[in-house]
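So the chains spell out like this:
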Amino acid sequence: MSTLNFSDIQGFVLSSYADKMPCASYLLLCITDAAACRLWLKSNIGYITRGTDRKKDFCLNIAFTATGFRKLGFSDDSLSSFSVAFQEGMASPVRQQILGDRGNESPDHWEWGIPDQSAVDILLLIFGKDDTEVAHQQAFFVSDQNTDGLSIIKTLSAGRQPDAKEHFGFLDGIGQPVIEGSSAEARQLSRTGHATVIKAGEFLLGYENEMKITDPLPTYNNEEFGNNGTYLVFRQLEQHVHTFRQFIVKQAKALYNTDDPLVQDKLAAKIVGRWKSGAPLAKYPEADPVPYGKFSEDNNFGYAFNDMEGLGCPVGAHIRRTNPRDALLDDAEISLNTVKRHRIIRRGRSYGDRSINPDENDYKSRGLHFICINSNIERQFEFIQQTWINNPYFGALFGETDPLTGPRNGDDLFTVPGCPVRTRVSGLDQFVTMKGGEYFFMPGMAALKTLTYNVDPS
Ligand code: N7H
């Protein structure tokens, strides 16, 4: 088992900071002067939160895009040692195709991350115990005067929410892998009743991964640059809460001829794969076992032995597509081991105010700043998005995509297996819209230091 070099890893890889720091600001920055930016980094590097820090007031982390690295002087040779997806950028035509960012979700409709218009160089993540602290730190680290060789393209905030749920009303952040060697196994076990320990190399460069290899490190200045670094995926996903609610109400009426809130909640749960409380349908197929207002972080379940047909959790449900667990292949163990190569650590947070009454459209913008960590964008995040979420033939289904977040393809179907007959939900609306995003590299601390020196000699 690998021993992690905690002090060289940025803290955000190991923690979401959510318990102590419910407020966050994500600064999308443009480098206007590389030399001044290096100086800015040099004077602030001591504030970057490391894996060994136990901060109480605020945390600060940083990540770079390929355009940012280029502005800082990375040569073509250096850049070609990074992931191809990272080099090309999320808005590039190839990645757009892979991710299914088409129609009103194509980059020309985004609010940021558009090449040549609002391309981002640096992502600065600031977390704080309250909004005042975050605003204070933001003013301290980046001035509006462009004196640090940086200008602010956009500030995305994720403020405090009234409860631990996301905007559609579900508990989120339950199913997370544990990084081998991170000492988080016991905590995860006691929190969720289960811990899937995954090789560190799936989330950090420089360690062995689930393929039993240690990937070559990206280089800059020295061969070790990529050590303890990782890739961070950021997608701003707007959630249409009123549309989701309307759809559920209308479909419950059409399919079951009822306005019963319990039937409506069950249909919504079938789409996600968990009840709003967080309790998994594979284990509790009939009703939410948790009293209203309480949570369940139960993650101790599979599908192969108790719900292969999807009578509890539909095969096409969001959580079953994004982590098929032991039911991807015929053999449960091989399935589990295969799925381990396609996991991500989710670090996203909700943005925008919670809808007071989802039955009415308040026309406010809200959603999820989806962030995930993985050491191989193509094999982890992009694979989940392309091969599982967007795939119309996932799990022997036909003409269906992820009912919650998938692109609509004209058929817009969702099958809810049932006995004696299945239910076919049709006319799914678009509940989520992609608004902007980018691929970043989050370097280890020693690598960050080399960014404060001069130009790449290679
Ligand atoms: Fe998803 N939601 O809040 O309704 N997600 N997700 N997700 N998601 C999960 O198990 C949601 C998105 C994963 O281990 C839950 O933690 C929303 C993308 C993965 O069983 C809920 C959006 C991708 C899991 C949501 C969104 C993923 C997961 C159940 C978009 C990857 C763990 C709570 C706005 C590309 C599955 C939980 C497992 C679970 C929601 C997007 C991935 C409630 C609203 C784009 C891997």
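Each remark here, short or long, concerns the structure printed above.
Presented here is an overview of the structure given in this document. (Residues numbered from 1 in each chain as written. Predicted model: local features only at pLDDT ≥ 70, side-chain atom pairs only at ≥ 80, totals over all residues. Heavy atoms only, no water.)

This part takes up the overall build of the protein chain. Scanning the protein chain for helices and strands turns up 14 helices and 13 strands. Taking 2.2 N^0.38 as the reference for a compact globule, 458 residues should give roughly 23 Å; the C-alpha atoms of the protein chain span a radius of gyration of 22 Å, in line with that estimate. Projecting the C-alpha coordinates of the protein chain onto the three principal axes gives extents of approximately 70 × 50 × 40 Å. Across the 458 residues of the protein chain, 56% fall into the buried class. Long-range pairs, those at least 24 residues apart, make up 71% of the contacts in the protein chain with a sequence separation of at least 6. In the structure as shown, the protein chain presents an accessible area of about 19,500 Å², 51% of it carried by carbon and sulfur atoms. Distance between charge centres in the protein chain, computed from 47 positive and 57 negative side chains, equals 4 Å. (Helix = DSSP H or I, 4+ residues; strand = E, 2+ residues; numbered from the N terminus. Rg over C-alpha atoms; globule rule 2.2 N^0.38 Å. Buried < 20%, exposed > 50% of the residue type's maximum accessible area, 1.4 Å probe, protein only. Contact = heavy atoms within 4.5 Å. Areas by Shrake-Rupley, 256 points an atom, 1.4 Å probe, with all protein chains shown as cover. Lys, Arg positive; Asp, Glu negative; His and termini not counted. Charge placed at Lys NZ, Arg CZ, Asp CG, Glu CD.)

Turning to the packing of helix H9 (residues 241–256) against helix H10 (residues 261–272), a few remarks are in order. Close contact between H9 and H10 brings their axes to 9 Å; oriented N to C, the two are set at 115°. Comparing their axes, H10 and H9 come out roughly perpendicular. Crossing hand, H9 versus H10: right-handed. Judged by residue contacts, Phe-244, Arg-245, Phe-247, Ile-248, Val-249, Gln-251, Ala-252 and Tyr-256 of H9 engage Val-263, Gln-264, Leu-267, Ala-268 and Ile-271 from H10. The residue makeup of the contact of H9 with H10, split by class, is 10 nonpolar, two polar and one charged. (Axes fitted to C-alpha atoms, helices over the stretch in contact; angles between N-to-C directions. Parallel < 35°, antiparallel > 145°, perpendicular 65-115°, else oblique. Left-handed = near helix turned anticlockwise from the far one by under 90°. Nonpolar A, V, L, I, M, F, W, Y, C, P; charged D, E, K, R; others polar.)

Further remarks concern the state of the cysteines. Inspection of every chain in the model, using the stated rule, returns zero disulfides. Free cysteine Cys-59: the closest other cysteine sulfur is in Cys-23, separated by 13 Å. (Disulfide = S-S within 2.5 Å.)

Close to the ligand lie 29 residues; Glu-166, Ile-174, His-318, Arg-325 and Arg-346 are nearest. Between the ligand and the protein, one listed contact pairs an oxygen atom with a side-chain N or O atom of Glu-166 at 3.2 Å. In the model, an oxygen atom of the ligand is placed 2.7 Å from a nitrogen or oxygen of the Arg-346 side chain. Sorting elements by how many residues they give to the shell around the ligand places helix H13 (residues 381–389) first, with four residues. Among the residues making up the shell around the ligand, the classes are represented as 15 nonpolar, eight polar and six charged. (Near = heavy atom within 4 Å. Polar contact = N/O pair within 3.5 Å; in protein donor to acceptor, adjacent residues only side chain to side chain.)

Let us look at the coordination of the iron atom of the ligand. Six octahedral donors around a metal ideally make angles of 90 or 180 degrees; four tetrahedral donors ideally make 109.5 degrees. A lone protein donor contacts the iron atom of the ligand, and this donor is His-318 (NE2), found at 2.1 Å. With respect to the helices, strands and loops of the structure, His-318 is situated in helix H11 (residues 318–322). (Donors = N, O, S within 2.8 Å, 3.2 Å for Na, K, Ca; no water.)

What follows deals with the pairing of strand E2 (residues 58–64). Most of E2 sits inside the fold, with seven of its seven residues counted as buried. In this structure, E2 lies alongside strand E3 (residues 122–128), joined through seven bridges in antiparallel fashion. By the bridge assignment for E3, Ala-63 is matched with Leu-123. (Pairing = 2+ DSSP bridges.)

Bringing unusual backbone geometry into the picture now. Note the cis peptide between Cys-419 and Pro-420, where omega equals 15°. Within the secondary structure, Pro-420 is located in the loop between strand E11 (414–416) and strand E12 (423–425). In this structure, Tyr-17 takes a positive phi of about 65° despite not being glycine. Tracing the sequence through the fold places Tyr-17 in the loop between helix H1 (11–14) and strand E1 (23–31).

Our focus in this paragraph is the pattern of salt bridges. On inspection of all chains with the given rule, the structure shows 22 salt bridges. Note that Asp-19 is salt-bridged to Arg-187, the shortest N-O span being 3.2 Å. One end of the pair, Asp-19, is in the loop between H1 and E1; the other, Arg-187, is in helix H8 (residues 185–192), with 168 residues separating them in the sequence. Overall, Arg-187 belongs to the exposed group, its relative accessible area being 55%. Among the ionic pairs, Arg-366 bridges to Asp-362, the shortest N-O distance being 2.7 Å. Judged by its relative accessible area of 31%, Asp-362 falls in the partly exposed class. Here the residues in one salt-bridge network are Glu-88, Arg-95 and Glu-382, joined through shared partners. (Salt bridge = Lys/Arg side-chain N within 4 Å of Asp/Glu carboxyl O.)

Let us now look at the side chain of Glu-400. Locating Glu-400 in the fold gives a position in the loop between H13 and E11. According to the relative accessible area criterion, Glu-400 is buried, its value standing at 1%. Other than its neighbours up to four places away in sequence, Glu-400 contacts Arg-321, Asn-391, Pro-392, Tyr-393, Asn-409, Leu-413, Phe-414, Thr-415 and Arg-424.

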